[in-house]
Structure formats: structure tokens, C-alpha cells
Amino acid sequence: MASIDSFTASVESAVNGFFDPVSTFMTDLIFAEVTVFGVSFPWIVAWLVVAGAVFSLVFGFVQIHKIKLAADLVRGKHDEGGAGEVNHFQALTSAVSGTVGLGNIAGVAVAVTIGGPGATFWMILCGLLGMATKFVECTLGVKYRDEHEDGTVSGGPMHYLHKGLAERGLGGLGKVLAVLASVCLLFFGLFGGNMFQSNQSYAQLKSVTGGDNGLLGSSAGALGFGLLIAAFAAMVLIGGMRSIGRVTSRLVPAMAGMYIVACLVVILVNITQLPVAFASIVEGAFAPQGVAGGVIGVLIIGFQRAAFSNEAGLGSAPIAHSAVKTRHPVTEGLVSMLEPFIDTVVICTMTALTIVIASTPSWDKAREAAAAGGSPEGVTLTSDAFATVMPWFPYVLTFAVLLFAFSTIITWGYYGLKAWTYLFGRSRASETTFKVVYCLFTVLGAMLTLGALLNLADAVLFALAVVNIVGLYLLAPVVKKELASFLAHLRHKEAAQKGALQEAPEPEAV
């Protein structure tokens, strides 16, 4: 196996050497920091959060006033059918599977270490604002999707940027933005949504099976793991969105449910500490206990983690939501609001609360290390919090990481396919080529780190947010009309049902 090790090392060196200058340039540009009240933070975070705030105001805080309607739509109420491939619930779980992942487990731990418990408060607020952005982009995703003769559909930012802006007399700008969006989606899909997930899930599995000296410690183990994940991914991707919807509609509730139950076990065992934990979260939001630089610093840490986790405004989720069966585009926009709620308000908050309430020695040490300028290990802090109640939980966490990673791989495979076919045409040969390439990258992900490419993938994904949100601002009036039209339709339907009941003859007395 020495030859495999030598080959992978040479490939990593060549690729990192070639892409490192590009990665450094893009990362410095997209994640460049601005300073407000003495606190520095990436400008892209402000771009995402401001969009959420603007759309919340423009649509009258639709994420609050229409949350019950969104839940009703997921349950199948007001379902009137229409073109598409999956129902509201399957579209939601497919999109959630692309956002819920290692960031919810590891990233949150880093946030409450650097920003203290108070970062949780700002994560929740940012998640709520992100619901409005998701509402806008996913409504547009359905509104401007392409419906094909075989019953499948294609949607996403490349479609609504192209067609939507053309309607507003900005066709040239729309074409350029659509191509840029496709390139960004495709690049991140191959490296961030695929290779990174395969790499990190392999690393976690290897760590609980003996490390370098264990069952999966060799190059052969990495290759075998990569081939297995790629084979499972291929079986799902071949079936298209219907297959992905069937898998994620079972996988996402199961993995999210398992993780939330584990969090609740830790919380219930430490139930007497719950009021103290909540108090520390609220107090820490305004009287910081972290090392992030005062209230603004803690706010930025919370906003950054939430924005990076739920992907609101990035343009990825509208691709999955576009496949829904509906006659009214805004119905899926309403359903999509639940995605940041599940990802950030529920799962990220549960992770943070579990870490805060367990208050492990490793978390205390990590906070001391952060104060000294060190970088905390995210996933180990979360794992240690669970281990205070369930010493065997690292094995369960490994299983959860594998599920999260696999669901992300198949969802981003679908996103990447839609970007690929937009750029290179929708034919059997084109789609097959992409699926083969994508599965090959899954295998390579288990064997290669490719740090420069992964850093570049993150920068490219957030570059997509710039392109996407520009389009969202320009197309917001279209969403307003769609919402007004659907609400009027519901009022008319309700009035008709009441009228029918009033006109129905009284039953004859027996």
C-alpha cells in the first residue's frame, strides 16, 4: 500500500500547489473582514444577515405570521397537486439534508467556546431572519423552474436569475449571473458537498476504530470506505430527485430525531441546571462571557455560525425545493421557511444547550485555549458533552456523522447535476458523465485532503450568495405578487367551502 500512499501524497502536493494562490486570493476576498465598534468580522456575514432583515421587513415578518400555514402545507393541507416530482415534505427533507451536517455538531461547539453561551441567542435570531430569505429564494425557484416532458423539473438560482431578470428587462445581467451561479454550485458540489463530507466521515469512523493502527487506518481502508459510500450515492442519484426524496424523507427525520433525543437525554439528566443554562445564554448575549470582544463580538460569532449553517441566501436550497408538486410557487417558499428553523433554531440550539448544560472540563479548557488564541476542536467538545451521560455516545455520534455526511453527498449530487446540465445541456450522456465524475470525487475525498481546494470551495459557495442575493432584491416584487395571489386563493376557497356548508340541506328528522 506504500505505492497508494506515495500516489495520494504526490497528487495532494500537486493540486494544493496549483490551487493555493487561487484559494488564498478568493478566501481573502470573500471572507475579508470589516471592523465595527472595534470588532472585526467577514463582510459576507453582514451581507447575509442584512438580506434576512430586509426581507423580514418587506414581507411583514412572514416567518412569524405564516409559520402555521407552512406547517399545514408540509402536512398536506391545501395540497392541490401540480407539476413536480416530490411532495412538500420530501422537498423539505431533501433541502434540510444538504444543510444539516458537521456544522451543526462541530461548528456550534466552536461558537459557544469563542463567543460563550450568549452566541446561542444570536444564532437563534439569525436563523429566524434567514427564514425570510429562504422564503424569497425558494418561491422564485418554483416560479421560474423548467418542466420537462418526462415529468422531471429543473430549478434554482441559474433559472430564476436568467428568466426572472429577463422579465424585468435585465436579460444580459441575468445570463451572466446565472452562469456564475451554476459554476459556483458545481464547484462547491464536487469539493465541499462531496469530497469534504467523504473525507470527514472517513476520519471520524477511522478514529473510533483504532485510528492509524485500526481496521480503516490504511490506504486500502480509505479506498474501500470511499468506494462503499460512492456506490450507495450512485444508487440514489441514478433514481433522480424522486429517489433522493424517498431516501431523505426517511433519513433526515431519523438522524435529526436521534440527535435531538440524545441532546434531550443530557438535558434531562442535568435538568436542575437548565434554568442556569438558559440564564447564561440570555445574559451572555448582552454581558459576554466569551473572548469574542464584547456584545458585538458575540453577536457576530452567533450570526456567522447560523449563516454558515443554514445556507439561507446561498441559492442551493431552491434547487431541491423547485422539484415540489404544486400549482402555487409561494407554497414551497412558505414550506422552506421551516428549513432554517430546523437547522439553526432547533438543532444548533440543542447542540449549544447540551454543551452549556454539561459544562465539561474539556469545554472549560477549550475556552481557556481560545482566550490564549488557540483553535478549539469542535466535534470533540460535543462528543464529550454527550459522554458525561452516555460514555458510549461517541460511537452513536460517529453513526450520526455518517448519516449527515451521506445525506449531504446525495443532495449536493442533485444540486451539482442541475448546475452541470444548465451549463452543458440536459442529455442522458451529459447526466451520466456528471454522475460518474461525482462518484469518483466521493472516492477521492476519502483518500485526499486537498486543503486548498476545500478552502476555495467554501469561498466559491459564499461568492454565490453575492450573486444570488442581488437577484433576490431585484425579484422581491414578484414574490410579493405570488404571496398575495395565494392568500387570496385561500380566502376564496375558504369562503366557497363555508358557502357550500350553509347551502347544504338540513338532514331530515328520523
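Residues numbered from 1 in each chain as written. Predicted model: local features only at pLDDT ≥ 70, side-chain atom pairs only at ≥ 80, totals over all residues. Heavy atoms only, no water.

Caption draft 1: The arrangement of the packing of aromatic side chains in detail. Inspection of the entire model under this criterion finds 17 aromatic pairs. With a centroid separation of 5.5 Å and 65° between ring planes, the pair formed by Trp-122 and Phe-286 is classed as edge-to-face. Residue Trp-122 is located in helix α7 (residues 119–143), and its partner Phe-286 is located in helix α12 (residues 274–286); the two are separated by 164 residues in the primary sequence. Looking at Trp-122, the relative accessible area reads 8%, which means it is buried. (Phe/Tyr/Trp six-rings, centres within 6.5 Å; stacked < 30°, edge-to-face > 60°. Helix = DSSP H or I, 4+ residues; strand = E, 2+ residues; numbered from the N terminus. Buried < 20%, exposed > 50% of the residue type's maximum accessible area, 1.4 Å probe, protein only.)

Caption draft 2: Molecular detail of the environment of Ser-219. Locating Ser-219 in the fold gives a position in helix α10 (residues 219–238). Under the relative-accessibility criterion, Ser-219 is labelled buried at 11%. Note: C-alpha distance between Ser-219 and Met-447 (228 residues apart in sequence) is 7.2 Å.

Caption draft 3: Representation of the side chain of Asn-199. In this fold, Asn-199 is placed in helix α9 (residues 171–207). Judged by relative accessible area, which is 11%, Asn-199 ranks as buried. Polar contacts involving the side chain of Asn-199 include one to the main-chain carbonyl oxygen of Gly-445, which spans 3.1 Å. (Polar contact = N/O pair within 3.5 Å; in protein donor to acceptor, adjacent residues only side chain to side chain.)

Caption draft 4: Main features of unusual backbone geometry. Positive phi, close to 50°, is recorded for Phe-61, a residue that is not glycine. With respect to the helices and strands, Phe-61 occurs in the loop between α2 (43–58) and α3 (62–65). Under the relative-accessibility criterion, Phe-61 is labelled partly exposed at 34%. Phi angles above zero are rare outside glycine, and Ser-359 is one such case at about 45°. Note on placement: Ser-359 falls in the loop between α16 (338–358) and α17 (361–371). Since its relative accessible area comes to 35%, Ser-359 is described here as partly exposed.

Caption draft 5: Expanded view of empty space enclosed by the protein. What the rule picks out here adds up to three cavities of 30 Å³ or more. Its boundaries defined by the atoms lining it, the largest cavity holds a volume of some 70 Å³. Every residue along the wall of the largest cavity is listed here: Leu-48, Val-49, Cys-126, Leu-129, Gly-130, Thr-133, Ala-307, Asn-310 and Ala-312. The set of elements that each furnish at least two residues to the lining of the largest cavity consists of α2, α7 and α13 (294–310). It is α7 that provides the largest number of residues to the lining of the largest cavity, a total of four residues. Its residues assigned to classes, the lining of the largest cavity shows six nonpolar, three polar and no charged. (1 Å grid on protein atoms, 1.4 Å probe; cavity = no way out; pocket = protein on both sides within 12 Å on 5 of 7 lines; lining within 4 Å. Points joined across faces, edges and corners; volume = space filled by probe spheres on them. Nonpolar A, V, L, I, M, F, W, Y, C, P; charged D, E, K, R; others polar.)

Caption draft 6: A look at helix α11 (residues 240–269). Given a rise of 1.5 Å per residue, 30 residues ought to cover 44 Å, and the 43 Å separating the end C-alpha atoms of α11 matches this to within 8%. Where α11 bends most, the angle comes to about 30°, and this point is Thr-248. (Expected span 1.5 Å × (residues − 1). Bend = angle between axes of the 7 residues up to and from the residue.)

Caption draft 7: Spatial organisation of a nonpolar patch on the surface. Judged by side-chain polarity, Leu-170, Leu-173, Val-470 and Leu-474 come together as a nonpolar surface patch covering roughly 260 Å² of accessible area. Looking at where Leu-173 falls in the secondary structure, it is placed in helix α9. Given a relative accessible area of 38%, Leu-173 falls into the partly exposed group. (Patch = residues over 30% accessible without salt bridge, like charges linked within 9 Å, V, L, I, M, F, W, Y side chains within 5 Å. Areas by Shrake-Rupley, 256 points an atom, 1.4 Å probe, with all protein chains shown as cover. Salt bridge = Lys/Arg side-chain N within 4 Å of Asp/Glu carboxyl O.)

Caption draft 8: Region of interest: the pattern of salt bridges. Summed over the entire model, instances satisfying the criterion amount to six salt bridges. In this structure, Glu-339 engages Lys-134 in a salt bridge whose closest nitrogen and oxygen atoms are separated by 2.8 Å. One end of the pair, Glu-339, is in helix α16; the other, Lys-134, is in helix α7, and 205 residues separate them in sequence. The residues Glu-339 and Lys-134 share a single accessibility class, namely buried. Where Lys-143 meets Glu-482, a salt bridge forms, and the shortest distance between an N and an O atom there is 3.0 Å. Of this pair, Lys-143 sits in helix α7 while Glu-482 is found in helix α21 (residues 451–503), placing the two residues 339 residues apart along the sequence. By relative accessible area, Lys-143 is classed as partly exposed at 34%.

Caption draft 9: Fine view of the nonpolar core. Judged by nonpolar contacts, the single largest core of 155 residues is most densely connected at Phe-59, Phe-135, Leu-140, Phe-191 and Leu-334. The dominant element in this core, judged by the number of residues it contributes, is α21, at 22 residues. For Leu-334, the contacting residues outside a window of four places in its chain are Val-62, Lys-66, Leu-69, Ala-70, Leu-73, Phe-135 and Phe-486. (Core = buried A, V, L, I, M, F, W, Y, C linked by side-chain atoms within 4.5 Å. Contact = heavy atoms within 4.5 Å.)

Caption draft 10: Here's a closer look at the confidence of the model for the protein chain. Averaged over all residues, the pLDDT of the protein chain equals 82, while 89% of them reach at least 70. Between the elements of the protein chain, mean pLDDT differs from a low of 72, seen in α13, to a high of 94, seen in helix α8 (residues 157–167). (pLDDT = per-residue confidence, 0-100.)

Caption draft 11: Seen up close, the layout of surface pockets. A volume near 410 Å³ is recorded for the second largest pocket. In this structure, the second largest pocket is lined by 17 residues; those nearest its centre are Asp-150, Thr-152, Arg-426, Glu-431 and Lys-435. Breaking the lining of the second largest pocket down by element, the ones donating at least two residues are α11, α19 (393–424) and α20 (428–447). It is α20 that contributes the most residues to the lining of the second largest pocket, four residues altogether. Class assignment for the residues of the lining of the second largest pocket results in four nonpolar, five polar and eight charged.

Caption draft 12: Representation of the side chain of Ser-430 in the model. Within the fold, Ser-430 resides in helix α20. In contact with Ser-430, not counting residues within four places along its chain, are Trp-420, Phe-424 and Gly-425.

Caption draft 13: Seen up close, the packing of α11 against α19. Packing of α11 against α19 brings their axes to within 10 Å, and their N-to-C directions diverge by 155°. By the angle class used here, α11 and α19 are roughly antiparallel. Judged by the sense of rotation from one axis to the other, the crossing of α11 with α19 is left-handed. Together, Met-241, Ile-244, Val-247, Thr-248, Leu-251, Met-255, Met-258, Tyr-259 and Ala-262 of α11 and Phe-393, Val-396, Leu-397, Phe-399, Ala-400, Leu-403, Phe-404, Phe-406, Ser-407, Ile-410, Thr-411 and Tyr-414 of α19 make up the contact between the two elements. The class makeup of the residues in the contact of α11 with α19 is 18 nonpolar, three polar and no charged. (Axes fitted to C-alpha atoms, helices over the stretch in contact; angles between N-to-C directions. Parallel < 35°, antiparallel > 145°, perpendicular 65-115°, else oblique. Left-handed = near helix turned anticlockwise from the far one by under 90°.)

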